[in-house]
Structure formats: structure tokens, C-alpha cells
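Architecture at a glance
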Amino acid sequence: MGTMNTLAILSSPLQWGILILVCLLVFGAKRLPDIARALGRSLGEFGKARREFEDALNNSAKEAEKKDEKPDEPDKPQE
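Residues numbered from 1 in each chain as written. Predicted model: local features only at pLDDT ≥ 70, side-chain atom pairs only at ≥ 80, totals over all residues. Heavy atoms only, no water.

1. Focus on the overall build of the protein chain
Broken down by element type, the protein chain carries three helices and zero strands. Out of the 79 residues in the protein chain, the part that is buried amounts to 1%. By element, 61% of the accessible surface of the protein chain is carried by carbon and sulfur atoms, the whole surface being about 7800 Å². (Helix = DSSP H or I, 4+ residues; strand = E, 2+ residues; numbered from the N terminus. Buried < 20%, exposed > 50% of the residue type's maximum accessible area, 1.4 Å probe, protein only. Areas by Shrake-Rupley, 256 points an atom, 1.4 Å probe, with all protein chains shown as cover.)

2. A word on the pattern of salt bridges
Applying the stated criterion to the full structure yields two salt bridges. Of the charged contacts in the structure, one is a salt bridge between Arg37 and Asp34, with a shortest N-O distance of 2.9 Å. Taken together, the residues span about one helical turn, with Arg37 and Asp34 both in helix α3 (residues 32–69) at a distance of three residues. Residue Arg50 pairs with Glu54 through a salt bridge whose shortest N-O separation is 3.3 Å. You can see Arg50 and its partner Glu54 sitting in helix α3, four residues apart, about one turn around the helix. (Salt bridge = Lys/Arg side-chain N within 4 Å of Asp/Glu carboxyl O.)

Treat this as a map of the structure, not an account of what it does.
Structure (C-alpha cells):
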């Protein structure tokens, strides 16, 4: 089941409240902000790596297109 399908199940405020209550009971009120902060940093790093990969991929594709567009020079006769 994908993330979007999982979030669609939690559509009512009551379900979100129950989820938050369970998280508080499992992790405790003191650790919850640390866990959320670490999760946010991880998602940020993942997004940064994804953008860098996409940029590198796009740059490689552009370089390959430029190479294909350059006409080959005819061989010059040796003198």
C-alpha cells in the first residue's frame, strides 16, 4: 500500500487524534519533537539528493544532445 493510500485512510480528525495519542504513548512527549525533527531533516536530505540527481541527469542529457547536434568535420587530407 502506498503512502498516499495510507494517508487517505486517515481522513477524519478523530483518526489523526488517535494516531497522535498512540505516538505519544509509544514514544513519550519528550522524544516526539526529536523524532519529528529527525524525520524532517531526513526528508530534506532525501529531497536535496533527488534534486541533485535530476540535475546531473538533465545535464548529461543536454550534453549528449549537443554532441549529437554537432556535425562531424570531414577528414582533412594529410599534407
